[in-house]
Amino acid sequence: MIAPDLQTASAALRALVDASDRVVPFTGAGISTESGIPDFRSPGGLWTTTQPIPFDQFLASRDMRDEAWRRRFAMEEYFGKARPTRGHLALASLYRAGKARGVITQNIDNLHQAAGIRQEDVVELHGNTTFATCLDCARTYELSDVRRKFESAGGRAPDCDCGGYIKTATISFGQAMPAEAMQRAQAWSRDCDLFIAIGSSLVVWPAAGFPLQAKKSGARLVIINREPTEFDSIADLVVRNDIGDALAFLIAH
Ligand code: NAD
Ligand code: ZN
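Residue numbering note: each chain is counted from 1, following its sequence as written. Written order determines the labels here, with chains lettered from A and ligands numbered from 1. Given that this is a predicted model, residues contribute local features only at a pLDDT of at least 70 and side-chain atom pairs are listed and counted only at 80 or more, while totals for whole chains, interfaces and linings are drawn from all residues. Where side-chain values are given, they derive from all heavy atoms of the structure, hydrogens and water being excluded.

Student: What exactly am I supposed to notice about the pairing of strand β1 (residues 23–27) here?
Tutor: Residues in a regular strand project their side chains so that they alternate between the two faces of the sheet. The buried label goes to any residue with under 20% of its type's maximum accessible area, the exposed label to any with over 50%, and the partly exposed label to all in between, with areas taken from a 1.4 Å probe on protein chains only. Starting at the N terminus, helices and strands are each numbered in turn, a helix being any DSSP run of H or I of at least four residues and a strand any DSSP run of E of at least two. Of all 5 residues making up β1, 5 are buried, and the element is well covered by its neighbours. Pairing between two strands is assigned when DSSP locates at least 2 bridges connecting them. Relative to strand β7 (residues 194–198), β1 is paired through 5 bridges, and the arrangement is parallel. Across the sheet, the residue bridging to Val-23 is Leu-194, located in β7. Inspection of the sheet shows β1 paired to strand β2 (residues 103–105) by 2 bridges, in the parallel sense. The partner of Phe-26 across the bridge, within β2, is Ile-104.

Student: Looking at this structure, I do not really get the domain arrangement of the protein. What am I missing?
Tutor: The extent of an interface is frequently quoted as the accessible surface area lost upon association of the parts. Annotation of the protein at the domain level lists domain 1 (1–37 + 84–126 + 177–253) and domain 2 (40–81 + 128–170). Buried area: the sum, over both parts, of the accessible surface (1.4 Å probe) that disappears when the two are put together. Its largest share of buried area at the contact with domain 2, domain 1 owes to Ile-37, Ile-108 and His-126, together 44% of the area lost on that side. When a carboxyl oxygen of Asp or Glu is within 4 Å of a side-chain nitrogen of Lys or Arg, the pair counts as a salt bridge. For the interface between domain 1 and domain 2, the tally reads 0 salt bridges. Here a polar contact is taken to be a pair of N or O atoms separated by no more than 3.5 Å, where protein atoms must pair a possible hydrogen donor with a possible acceptor and residues adjacent in sequence count only if both atoms sit in side chains. Viewed at the interface, domain 2 and domain 1 are joined by 3 residue pairs in polar contact (both at pLDDT 80 or more). Residue polarity is assigned by list, with Asp, Glu, Lys and Arg as charged and Ala, Val, Leu, Ile, Met, Phe, Trp, Tyr, Cys and Pro as nonpolar; anything else, Gly included, falls into the polar class. When the residues that make up the side of domain 1 that touches domain 2 are grouped by side-chain class, the tally is 4 nonpolar, 5 polar and 3 charged. Segment limits for the domains were obtained from an automatic or database-derived domain assignment.

Student: Before we go on, may I ask you to explain the nonpolar core in this structure?
Tutor: The nonpolar side chains of a soluble globular protein tend to be buried with one another. Grouped together as the largest cluster of nonpolar side chains are 30 residues, with contacts concentrated most on Ile-196, Ile-198, Val-222, Ile-224, Leu-237 and Leu-247. Counting only elements with at least two residues in this core, the list comes to α1 (6–18), α4 (86–96), β7, β8 (220–224), β9 (237–239) and α9 (243–247). We call two residues in contact whenever any of their non-hydrogen atoms come within 4.5 Å of each other. Not counting residues within four places of it along the chain, the set of residues in contact with Leu-237 comprises Met-1, Ala-3, Ala-9, Ala-12, Leu-13, Leu-16, Leu-221, Val-222 and Ile-223. Nonpolar cores were defined as sets of buried Ala, Val, Leu, Ile, Met, Phe, Trp, Tyr and Cys residues, with membership established by side-chain atoms within 4.5 Å.

Student: Honestly, the coordination of the zinc ion (ligand 2) in this entry has me stumped. Any pointers?
Tutor: Each angle at a metal carrying four tetrahedral donors should ideally be 109.5 degrees, and each at a metal carrying six octahedral donors should ideally be 90 or 180 degrees. On the protein side, the zinc ion (ligand 2) has Cys-134 (SG), Cys-137 (SG), Cys-160 (SG) and Cys-162 (SG) as donor atoms, found 2.3 Å from it. For Na, K and Ca the donor cutoff is 3.2 Å, while for all other metals N, O and S atoms must lie within 2.8 Å; water is not among the atoms, so some sites may look incomplete. Each donor residue of the zinc ion (ligand 2) belongs to the same chain, and together they define the spacing C-x2-C-x22-C-x1-C. Pair noted here: Cys-134 is in strand β4 (residues 127–134) and Cys-162 is in the loop between α6 (143–152) and β6 (166–170), with a separation of 28 residues, a long-range link. With a relative accessible area of 43%, Cys-162 lands in the partly exposed category.

Student: Where do I start with the packing of aromatic side chains in this structure?
Tutor: Here the distance between the centres and the angle between the planes together describe a pair of aromatic rings. Classification of ring pairs uses Phe, Tyr and Trp, with its six-membered ring standing for Trp, and accepts pairs whose centres are within 6.5 Å; under 30 degrees between planes counts as stacked, over 60 as edge-to-face, and the remaining range as tilted. If you walk through the whole model with that rule in mind, you get 5 aromatic pairs. Cluster of aromatic residues (ring-pair linked, three or more members): Phe-26, Phe-195 and Phe-210. Counting as a charge over the ring demands two things of the Lys NZ or Arg CZ atom: a distance within 6 Å of the ring centre and an angle within 35 degrees of the ring normal. Its end group placed over the ring of Tyr-165, Arg-65 keeps NZ or CZ at 3.5 Å from the ring centre. The side chain of Lys-167 reaches across the aromatic face of Phe-58, ending 6.0 Å from its centre.

Student: Is there a simple way to think about the environment of Cys-160 in this case?
Tutor: Structurally, the position occupied by Cys-160 is in the loop between α6 and β6. Sequence separation between Cys-160 and Asp-63 is 97 residues, and the spatial gap between their C-alpha atoms is 17 Å. Apart from the residues lying within four places of it in its own chain, the contact partners of Cys-160 are Cys-134, Cys-137, Tyr-141 and Ile-166.

Written as structure tokens, this is what we have:
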């Protein structure tokens, strides 16, 4: 069913949540747009203006690493100021109520954790952009430290003491998906009774396979996105309203 209006959407969603014990929320960039972080594919989204830097190019060229860091620091205007949205708070309420064991997310903005979901209960498929790691020795770095070195070197990306490249802790195109996160996401998708895909265009594979997996395993599927998605036809409920509006009723006060 495509909910005809917000009231119907909220009532239907509430009924589905009440009837479920093992809810798995799966989130994409759309849950964070309310916080001021643009998504990728909406009109005006990031990819309408900038092409992403694939992993092999990051490794192959110092100029690309410099450029990657320049872009990241420019994005700090959004990521640095962002606070959890109503959507994040609603999912944190579901989690605290014991309805959801955590969230699976494609986002890299750390906002589920900021809303109160424990780090170990956030399955991050594309990593986290709020800190950096060395690609060789895995040492972690604060972005502010990387930035200081970058700026004092006149806009050159610093390397780790071990000689490895320092990169935000995100997964770039062409970089291997994190094995443990993938396994957990698969297991959670198989073992849930309600899967709610929120603010994802559901076009990036393998991430987009999880709603399908959940549905095949017998879960109900809800899709919340202001635009149609490829999976709307198999969803039990499609909500085309704003995410914050659609989930606000879940926020526990
Ligand atoms: P996407 O940009 O492809 O899709 C976002 C979807 O959310 C769109 O389909 C749009 O219609 C919908 N949407 C946006 N705001 C909405 C709102 N307020 N209410 C209802 N729907 C809304 O994002 P994606 O599917 O997550 O894929 C992009 C990839 O880029 C992600 O995997 C992630 O790694 C990365 N990314 C992350 C962030 C972040 O962490 N906040 C931001 C941009 C991109
Ligand atoms: Zn190192």
